[in-house]
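Here are the chains, one letter per residue:
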Amino acid sequence: MNRDSAFVLESFVDYLSFERGLSDRTLSAYRRDLEKLLVFLEEKGRAGPEDVTAQDLRDFVFHLKESGLAPSSIRRTLSSLRGYFAFLLEEGTLEVDPSERLESPRAWRKLPDVLSVEEIEKILEAPDPHHPMYWRDRGVLEVLYATGMRVSELIDLRINNLDLEEGVCVVFGKGSKERLVPLGAPARRALARYLKEVRPRLDSGTGQGRVFLNQRGRPLSRSAIWDFVKKYTERSGIRRRVSPHTFRHSFATHLLEGGADLAAVQELLGHADISTTQIYTHIDREYLREVHRTFHPRG
């Protein structure tokens, strides 16, 4: 018996055509969607619809997502899939619908670009130690990664917001919300050297108390921070687009990968809503529900 016969695909297409009167174009779309599913199930060793589990279908959705299919296309595929299993249930081929609890991707957010720890280190090491602005540029990069600051927060950082002895800084985020963020030893060292050796000769009274100044003694601009990141990314040999926000994404992801609590990362990033932070967890909600159902006494 061939695959389509085993999964009664032709019977389902006939049902759509004769009983529901769908157009040839719609029938072709249903067939394409289900052929993808059947190829996937065949690779998993499933001989017929009675072998298909809810986990198989969740794995299939992840497969579609990982292959780069748009959420709208995945939703259409899931609609075809649900119609197919509803048909099998109605025909008595199945007694349980494995697609019953399958979630649709309402509007999956694109995961942000993230650098590996090794790539971050390459960029941090890219400034020339012999250049007069070395400690300033190194300080900018170190602080971006150490704190996950937004560019607007970095250029607004003031000397009186720093406590290098305690290794923390006060950051004023969106809506002037204040948060305390640790700096870490490398950022503290870079800042200390910059503040002692470089900033005094840059400051001509027009620095407005800001930490990072340009060569004319004025606060660094947003575009200057972008230029630093671009220049040192290219110098490090990394051949992809990296922005200051990539440092923020990497900061959050590396913390969570290291076992940090989501609420703590939310606080460090200055997110008002924890759902904004959850994009960094890369964890599917249905997986969490499955774990709960499987292992919780009242799941």
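Structure first, text after, so check above.
Residues numbered from 1 in each chain as written. Predicted model: local features only at pLDDT ≥ 70, side-chain atom pairs only at ≥ 80, totals over all residues. Heavy atoms only, no water.

Student: How do you make sense of the side chain of T77 when you look at a structure like this?
Tutor: As for its position among the elements, T77 is in helix α5 (residues 71-91). Contacts of T77, omitting those with residues within four sequence positions, involve D33, F60, L64 and L69. (Helix = DSSP H or I, 4+ residues; strand = E, 2+ residues; numbered from the N terminus. Contact = heavy atoms within 4.5 Å.)

Student: Can you help me understand the packing of helix α3 (residues 24-43) against helix α4 (residues 54-66) in this one?
Tutor: How two helices sit against one another is set out by the angle between their axes and by the gap between those axes. Where α3 meets α4, the axes come as close as 11 Å, and the angle between the chain directions of the two elements is 115°. Of the possible angle classes, the one that applies to α3 and α4 is roughly perpendicular. Both α3 and α4 take part in a crossing whose hand is right-handed. For the pair formed by α3 and α4, the contact residues are D33, K36, L37, F40 and L41 on the first element and D56, L57, D59, F60, H63 and L64 on the second. The residue makeup of the contact of α3 with α4, split by class, is six nonpolar, one polar and four charged. (Axes fitted to C-alpha atoms, helices over the stretch in contact; angles between N-to-C directions. Parallel < 35°, antiparallel > 145°, perpendicular 65-115°, else oblique. Left-handed = near helix turned anticlockwise from the far one by under 90°. Nonpolar A, V, L, I, M, F, W, Y, C, P; charged D, E, K, R; others polar.)

Student: Just to check I follow, could you spell out the sheet that holds strand β3 (residues 178-182) for this structure?
Tutor: Strand pairing in a sheet is mediated by backbone hydrogen bonds. Such pairs are either parallel or antiparallel. With antiparallel pairing, three strands are arranged side by side in an open sheet as β1-β2-β3. Sheet topology places β1 (162-163) and β3 at the edges, where each strand pairs with a single neighbour. Sheet topology note: the β1/strand β2 (residues 168-172) ladder contains two bridges and is antiparallel. Within β2, the residue paired with D163 across the bridge is V168. (Pairing = 2+ DSSP bridges.)

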